[in-house]
Amino acid sequence: MYEIWQKKLWLIVMAVVWVVLAAGCQAEPPAQVADDLAGLYSIDLPAGDWQPQAANIWAPVQEQAVLTDVRIWLVRLEDCTQEAAEKQLQDEGYAELSEKPGYWQKQADALQYQTRLVVEKQNCWLVCSCWPEEDNVWAEQLAAALASFELVQE
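The structure reproduced in this document is the subject of the present report. Owing to the predicted nature of the structure, the values given are computational and were not obtained by experimental measurement.

What counts, and at which threshold
Residues numbered from 1 in each chain as written. Predicted model: local features only at pLDDT ≥ 70, side-chain atom pairs only at ≥ 80, totals over all residues. Heavy atoms only, no water. Pairing = 2+ DSSP bridges. Helix = DSSP H or I, 4+ residues; strand = E, 2+ residues; numbered from the N terminus. Core = buried A, V, L, I, M, F, W, Y, C linked by side-chain atoms within 4.5 Å. Buried < 20%, exposed > 50% of the residue type's maximum accessible area, 1.4 Å probe, protein only. Contact = heavy atoms within 4.5 Å.

### A look at the pairing of strand β8 (residues 103-108)
Moving on, step 1. Pairing of strand β7 (residues 95-96) with β8 involves 2 bridges; the strand directions are antiparallel. Opposite A95, over in β8, you have Q105 as the bridge partner.
Moving on, step 2. Connecting the antiparallel pair β7 and β8 is a turn made up of 6 residues, with G102 showing a positive phi of about 90 degrees.
Moving on, step 3. What sits between β8 and strand β9 (residues 111-119) in their antiparallel hairpin is a turn of 2 residues, with D109 showing a positive phi close to 50 degrees.

### Some thoughts on the nonpolar core
One broad rule of soluble globular proteins: the nonpolar side chains tend to lie buried together.
Moving on, step 1. Y41, I43, W50, W58, I72 and F149 are the most contacted members of the largest nonpolar core, which has 21 residues in total.
Moving on, step 2. For this core, the secondary structure elements donating two or more residues are β2 (41-44), β6 (71-78), β10 (123-132) and α3 (137-148).
Moving on, step 3. When residues of this core are assigned to their parent elements, the largest contribution, 4 residues, is made by α3.
Moving on, step 4. Counting 16 residues, the second largest nonpolar core, distinct from the first, contains W73, W104, L126 and C128.

### Structural notes on the environment of S129
Moving on, step 1. On the secondary structure map, S129 appears in strand β10.
Moving on, step 2. Spatially, the C-alpha atom of S129 lies 7.8 Å from that of L146, the residues being 17 residues apart in sequence.
Moving on, step 3. Contacts of S129, omitting those with residues within four sequence positions, involve R71, I72, W73, Q112, Y113, Q114, L142 and L146.

None of the figures reported here should be taken as evidence of function without further support.
Written as structure tokens, this is what we have:
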């Protein structure tokens, strides 16, 4: 299970690197409600211009520049129990928020990270966001986006 988590984390890191390299490229305007190609979920992105950076990763655009330190991304852990997902979050330095069960938070590299753990039958979803520690204007908007995540009934 840990190897799968490492592979998925590596893919996210590579997607972020790609975003930094491609920051000057123009993309099609994103929809305010982003639906996965497989139709597995829906999530309401915060108001403003958000561009997809890779599959299941979005970043805001301000003054025609993609912000590289603000993100929303999704990770689907297949064949994963809630306990295993919680252990992985703890191993990554996250702590569950006592006032918001299912929400996890950590600080690292001058960024604030918040993740919502959503459990379905045999899979877990991590609905993640990050923003600069000193820029709490993003906290409420990103928390609302995490709360809006819903699995689509098949």
